[in-house]
Amino acid sequence: MAQGGKGGPAHAGTLRQERAGGRLVGGKPQAAVVEEFASFVSPGRVGVYRALGVDAVPGRREGVYVWDLDGKRYINCRSSGGVFNLGHRAPAVVNALKQALDVLDIGDHMLLSEQRARLARRLAELTPGDITYSFFTASGGEACDVAIKLARGYTGRPGIVSAENGYHGHTGFALSAGDPRFKRHFEPLMPGFHQVPFGDVEALRRAVDETTAAVIFETIPATAGIIIPPADFFPAVRQVCDAAGALMILDEVQAGLGRTGRLWATDEWGVVPDILVLGKGMSGGVYPLSAVCYRAHVDEFFRRNPFVHLTSFGGADLGCVCALAMLDEICRPGFLDHVRSMGERFERGFAALRKAYPGLVAGWRRRGLMMAFELADDRLGPMMTYALGENGVIAVFSDFRPRAMQIMPPLVIQPAQVDEVIDAMDRALGLVESMVAAGAPVPYTP
Ligand SMILES: Cc1ncc(COP(=O)(O)O)c(C=O)c1O
C-alpha cells in the first residue's frame, strides 16, 4: 500500500498532526466527527442516532456527566448497561490502572497470573454460597459462551433452556440462548436451545428434562424491560434444576456488582446459582473484563480439560487490577445503602411524574438503581429518548419493550443529581406531550 494508506501522504500528515497536538478529545468540531464516523465506521448507526436525536459524540467525561464535543453536558443514565457503575473515570480505578501500567501489561493468558489469582480469590470471598472458581474472559457474551460450554461439558448433556426476550450477548452460544429476534440473519445456530417465558415456572418444568445441561436467565432481564421476577421464581428454578440434574446459570452482567442495592441481584432471592456470569461493571469503566464464577464441583470439567477455552485478552493482568479496585469501592461500608437510598429518591420522583403526566406515565419497576420507567405505549419510549437527550439526559428504551425506559445511572449518583434527572424527565415528558399533540412521527421503531 502507498505511504499514508488510502488517504495518501497528506491524510497521514493530518493524522500525525492531530496526535502530536495531544487533542484526544475535541480535535475537530462534532459535526466533522459524526461525518467521519459515518464515512469510516457505520453510516447505519449514524442514521438511527440522528433520528433519535442522540448523535452527540461523548467527549470529556467525569463522574455521572458526559460532555459532547460541542460542550453540551449530559447526565449518563445509561451507564452502558452498568459499565459505568462507578461513574466515568472513577479516580480509584484510574489511579490503580496508572500505577499498574508502570509494572504490568496484559499478561500471557496461557501462563499463570498473580493478578488473576488475587481477583479470583476476592470473588470467591464475595460471591454467594460455595462459588469458588473464576474463569476470566474479555466480554459478557464470551463469558456466557464459557458458562454454557462449562454446563455442557460438565453434564455431558446438550439442552440449554433460556428466556424469551432474553439477551446474553452476540457471540455463538450466547446468541443461541438469546431471543430469536437476535438470531435472524444468522441461522442455523447451535441446536439444543429452547426458550420459555421468563417467570413461568410451569413452562420451565415442561422444558427441563434429563437432556438439559443448564437453565440460563438474566437475574433481572434488562433488554426485556427490567422485569422483576415473582418472589418464588428463582427458588423454583433452583429446585427444577436440582431435580433434573441441570446447572443453574445466572447472568448478572447488568444486575450484579451492586446495581440492585445488593452485591449480587440473586441475593434478594437467597438462591445460589451453579454459575454466575459477570461483566460490564467488572471493567471499572476503563479496562474490559468479564468473569464466569462457579461452584467448586463444576470445576471437575475444567480439571479434565484445562485448555478447553482460550482467550488472549480474557483476564488481562491490567483488567484484574482495575476490577480489584472496583470491588474495593463497591464493598466500602455504606456503598450499597447509598444505592438503595438513591433508588428510593428516584422512586419518589417517578411517583410525582406519574401524577403530573397520568396519560403518559404507566409506572415503574425497580431494584436499587436498576430501573424501568414505564410509559403508556411503545411509541413513547423512542420519543422519550429523544426528549431526554434534548434535556441533557442519556437514557434509552428497552429493545423488547420500547415503552420501558431503562434508567441506569452510575451508582455513585448524588441526591442533587437525582433531582436534576427528575427535573429533566419532567421537561422531557412535557416535550413528549407536545410531540404527541402535534402528531409528530415516532423517531425510530426498534
Ligand atoms: C445481561 C447481559 N448479558 C450479556 C451481555 C453481553 O455483554 P458484552 O456486550 O460485554 O458481550 C449483555 C450486554 O449488554 C447483557 O446485558
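Not measured: the values here are computed from a predicted model.

Thresholds applied
- Residues numbered from 1 in each chain as written.
- Predicted model: local features only at pLDDT ≥ 70, side-chain atom pairs only at ≥ 80, totals over all residues.
- Heavy atoms only, no water.
- Axes fitted to C-alpha atoms, helices over the stretch in contact; angles between N-to-C directions.
- Helix = DSSP H or I, 4+ residues; strand = E, 2+ residues; numbered from the N terminus.
- Parallel < 35°, antiparallel > 145°, perpendicular 65-115°, else oblique.
- Left-handed = near helix turned anticlockwise from the far one by under 90°.
- Contact = heavy atoms within 4.5 Å.
- Nonpolar A, V, L, I, M, F, W, Y, C, P; charged D, E, K, R; others polar.
- Pairing = 2+ DSSP bridges.
- Salt bridge = Lys/Arg side-chain N within 4 Å of Asp/Glu carboxyl O.
- Buried < 20%, exposed > 50% of the residue type's maximum accessible area, 1.4 Å probe, protein only.
- Near = heavy atom within 4 Å.
- Polar contact = N/O pair within 3.5 Å; in protein donor to acceptor, adjacent residues only side chain to side chain.
- Areas by Shrake-Rupley, 256 points an atom, 1.4 Å probe, with all protein chains shown as cover.
- Domains from an automatic or database assignment.
- Buried area = accessible area lost by both parts, 1.4 Å probe.

Caption draft 1: Focus on the packing of helix H4 (residues 91-101) against helix H11 (residues 317-330). It is the contact of H4 with H11, at a shortest axis distance of 9 Å, that shows an interaxial angle of 150°. In terms of orientation, H4 and H11 fall into the roughly antiparallel class. Handedness of the H4/H11 crossing: right-handed. Across from Ala 92, Val 93, Ala 96, Leu 97, Ala 100 and Leu 101 in H4, the residues of H11 making contact are Leu 318, Val 321, Cys 322, Ala 325, Met 326 and Glu 329. Tallied by class, residues from the contact of H4 with H11 come to 11 nonpolar, no polar and 1 charged.

Caption draft 2: Representation of the sheet that holds strand S7 (residues 212-218) in the model. Across the sheet, 7 strands lie side by side as S4-S10-S9-S8-S7-S5-S6; this open sheet has mixed pairing. At either margin of the open sheet sits one strand with a lone partner, and together these are strand S4 (131-137) and strand S6 (193-196). Pairwise comparison of adjacent strand axes, ignoring direction, gives a mean angle of 20° for this sheet. Sheet topology places strand S5 (residues 159-163) next to S7; 3 bridges connect them, and they run parallel. Counted as the bridge partner of Ile 160 is Ala 214 from S7. Of the strands in this sheet, S4, strand S9 (275-278) and strand S10 (290-295) are in contact with helix H5 (residues 114-126), which crosses S4 at around 135°.

Caption draft 3: Examining the pattern of salt bridges more closely. Following the criterion strictly, the structure yields 25 salt bridges and no others. A salt bridge links Arg 121 to Glu 125, with the nearest nitrogen and oxygen atoms 3.8 Å apart. Of this pair, Arg 121 and Glu 125 both sit in helix H5, 4 residues apart, which is roughly one turn of the helix. Across this residue pair, the class does not change: Arg 121 and Glu 125 are exposed. Put simply, Asp 242 and Arg 238 hold a salt bridge, and the shortest N to O gap is 2.7 Å.

Caption draft 4: Molecular detail of the site of the ligand. The environment of the ligand is formed by Ser 139, Gly 140, Gly 141, Tyr 167, His 168, Gly 169, Glu 218, Asp 251, Val 253, Gln 254 and Lys 280. Gly 140 places a main-chain nitrogen or oxygen 2.8 Å from an oxygen atom of the ligand. A distance of 2.8 Å is found between an oxygen atom of the ligand and a backbone nitrogen or oxygen belonging to Gly 141. Protein chains bury 81% of the 390 Å² of accessible surface belonging to the ligand in isolation.

Caption draft 5: Quick peek at the domain arrangement of the protein chain. What the domain assignment reports for the protein chain is domain 1 (29-89 + 334-437) and domain 2 (93-330). A C-alpha centroid distance of 27 Å is found between domain 1 and domain 2. Counting residues at the interface gives 31 residues for domain 1, matched by 35 residues for domain 2. Regarding the contact of domain 1 and domain 2, the summed buried area is about 2600 Å², with carbon and sulfur atoms giving 62% of it. The interface formed by domain 1 and domain 2 holds 1 salt bridge in total. Notably, a salt bridge pairs Glu 268 with Arg 367, separated by 2.8 Å at the nearest N-O pair. When residues of the side of domain 1 that touches domain 2 are assigned to their parent elements, the largest contribution, 4 residues, is made by helix H12 (residues 335-356). Taken together, the residues that form the side of domain 1 that touches domain 2 break down as 16 nonpolar, 8 polar and 7 charged.

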